[in-house]
Amino acid sequence: MMQLKNKIVLITGASSGIGRACAQRFAEAGAKLILAARRRERLIELVNAIREKHATEVHILTLDVRDQKAVETSIRSLPDAWNEIDILVNNAGLSRGLDKFHEGKFEDWEEMLDTNVKGLLYVSRMVIPGMVERKRGTIVNIGSIAGREVYPKGNVYCASKFAVDALTKGMRLDLVDTPVRVCTVDPGLVETEFSRVRFRGDSEKAEKVYQGLTPLTGDDVADAVVFAASRPSHVQCAEILLLPTDQASPTVVHRTE
Ligand code: NDP
Ligand code: 8X3
């Protein structure tokens, strides 16, 4: 097992859900954390919660991953003690709307593609060269079952996650002659703020997504991310598909009510 103590981990989308759980799990393992998201107050609250339990070193990046210049500047200007990133967790992402393709909204499409695809590109492009130079590093992309199978009305969100899958594979091919590893963790239904964001704050609609089944938690996904990142250096945990026991595919879900 690769020790995570003092490894520098950059987690995007750390202010909520899976990213927040990853921050907590990596803190438990003794890693040093760079936590990125737009909501600074959420990140500060998370840092306080982590520090109640662990003597973790944390650096906050208030960052919108859609802003290429801001991504470039904030990663280039990391203090010396923080710029040798060992593990990158590309987690920031969202869905907007659940509409038939021909009824979809341009602004929803743009937000999903800009965040889930272009944001991941910008952050990765800034971090990976240093990993190549230092001859060490692990990238964990958070894909989705939606990046393996399209579901009705999932159209553009699914396309964004299919793109993440293609980029995971592309990165792995292009980094094969380096020690840098590329992993994807692809969850099914995870109860986070994801559906509340998709339905723009309609919590009743959001709760229905997880009703009558036991969904994954952010912690379940974080365990898989930490597993992937802590394999011995010759082991590349290429893909993890993580589903609730009640889920067999995006559309086949066992509900009790
Ligand atoms: P949450 O809504 O709980 O968390 C999303 C995180 O992404 C937040 O921290 C948010 O931070 C951040 N984020 C969104 N847009 C941006 C942006 N432009 N710049 C920086 N950060 C951003 O959802 P999840 O934890 O569920 O989602 C995390 C990832 O997991 C996403 O990529 C999602 O597609 C994927 N996923 C989720 C599943 C689920 O069922 N929940 C299943 C499979 C994959 P802030 O708003 O503060 O910027
Ligand atoms: C999130 C999982 O099935 O709600 O990627 O789209 S799903």
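Because the structure is predicted, anything quoted here is derived from the model rather than measured.

Draft legend 1. Region of the structure containing the site of ligand 1. As a structural note, the neighbourhood of ligand 1 is formed by 30 residues, with Ser15, Ser16, Arg38, Tyr157 and Thr192 the closest of them. Between ligand 1 and Arg38, the relevant distance is 2.7 Å, taken from an oxygen atom to a side-chain nitrogen or oxygen of the residue. Here an oxygen atom of ligand 1 and a backbone polar atom of Asn91 are 2.8 Å apart. In isolation ligand 1 has 880 Å² of accessible area, and contact with the protein removes 96% of it. Residue assignment for the shell around ligand 1 shows that the elements contributing at least two residues are α1 (17-28), α5 (155-174) and α6 (194-198). For the shell around ligand 1, the per-class residue count stands at 13 nonpolar, 11 polar and 6 charged.

Draft legend 2. Representation of the pattern of salt bridges within the structure. Per the counting criterion, the structure on display carries 19 salt bridges. Where Arg66 meets Asp64, a salt bridge forms, and the shortest distance between an N and an O atom there is 2.8 Å. Given a relative accessible area of 25%, Asp64 falls into the partly exposed group. Here Arg148 and Asp186 are joined by a salt bridge, their closest N and O atoms 2.8 Å apart. Of this pair, Arg148 sits in the loop between β5 (138-142) and α5 while Asp186 sits in strand β6 (residues 181-187), placing them 38 residues apart in sequence. Under the relative-accessibility criterion, Arg148 is labelled partly exposed at 33%. The structure contains a network of salt bridges with shared partners spanning Arg96, Asp108, Glu111 and Arg200.

Draft legend 3. Inspection of the nonpolar core at higher detail. Ile11, Phe26, Leu33, Leu35 and Val225 are the most contacted members of the largest nonpolar core, which has 36 residues in total. Only β1 (8-12), α1, β2 (32-37), α2 (40-53), β4 (87-90), β5, β6 and α8 (218-229) provide two or more residues apiece to this core. Beyond its immediate sequence surroundings of up to four residues, Ile11 is in contact with Gly19, Cys22, Ala23, Phe26, Ile34, Leu35, Ala36 and Val89. Counting residues in hydrophobic clusters, the runner-up holds 24 residues, among them Ile8, Ile128, Met171 and Leu175.

Draft legend 4. Expanded view of the site of ligand 2. Taken together, the neighbourhood of ligand 2 is formed by Ser144, Ala146, Tyr151, Tyr157, Leu189 and Phe194. Side-chain polar atom of Ser144 to an oxygen atom of ligand 2: 2.6 Å apart, as the coordinates give it. Between ligand 2 and Tyr157, the relevant distance is 2.5 Å, taken from an oxygen atom to a side-chain nitrogen or oxygen of the residue. Relative to its unbound accessible area of 240 Å², ligand 2 is 89% covered by the protein chains. Residues that form the shell around ligand 2 fall into these classes: 5 nonpolar, 1 polar and no charged.

Draft legend 5. Looking closely at the environment of Asn91. Tracing the sequence through the fold places Asn91 in the loop between β4 and α4 (106-134). Here Asn91 falls in the buried class, since its relative accessible area comes to 11%. Asn91 sits 29 residues away from Leu120 along the chain, and the two C-alpha atoms are 8.2 Å apart. Asn91 has contacts with Thr12, Gly13, Ile18, Gly19 and Ile142, leaving out every residue within four places of it along the chain.

Draft legend 6. Looking closely at the packing of aromatic side chains. Within this structure, the stated rule accounts for 3 aromatic pairs. On the numbers, 5.6 Å between centres and 85 degrees between planes, the contact of Phe106 with Trp109 is edge-to-face. Of the two residues, Phe106 and Trp109 are both situated in helix α4; the distance of 3 residues between them amounts to about one turn of the helix. On the basis of relative accessible area, Phe106 is assigned to the exposed category, the value being 60%. Of the aromatic side chains, those joined through ring pairs into one cluster are Phe101, Phe106 and Trp109. Taking the ring centre of Trp82 as reference, the NZ or CZ of Lys32 above it sits at 5.5 Å. Looking at Arg198, its charged tip hangs above the ring of Tyr157, at a distance of 5.4 Å from the centre.

How each quantity is defined
Residues numbered from 1 in each chain as written. Chains lettered and ligands numbered in written order. Predicted model: local features only at pLDDT ≥ 70, side-chain atom pairs only at ≥ 80, totals over all residues. Heavy atoms only, no water. Near = heavy atom within 4 Å. Polar contact = N/O pair within 3.5 Å; in protein donor to acceptor, adjacent residues only side chain to side chain. Areas by Shrake-Rupley, 256 points an atom, 1.4 Å probe, with all protein chains shown as cover. Helix = DSSP H or I, 4+ residues; strand = E, 2+ residues; numbered from the N terminus. Nonpolar A, V, L, I, M, F, W, Y, C, P; charged D, E, K, R; others polar. Salt bridge = Lys/Arg side-chain N within 4 Å of Asp/Glu carboxyl O. Buried < 20%, exposed > 50% of the residue type's maximum accessible area, 1.4 Å probe, protein only. Core = buried A, V, L, I, M, F, W, Y, C linked by side-chain atoms within 4.5 Å. Contact = heavy atoms within 4.5 Å. Phe/Tyr/Trp six-rings, centres within 6.5 Å; stacked < 30°, edge-to-face > 60°. Lys NZ or Arg CZ within 6 Å of the ring centre and 35° of its normal.

Any functional reading would require information beyond the geometric quantities listed.
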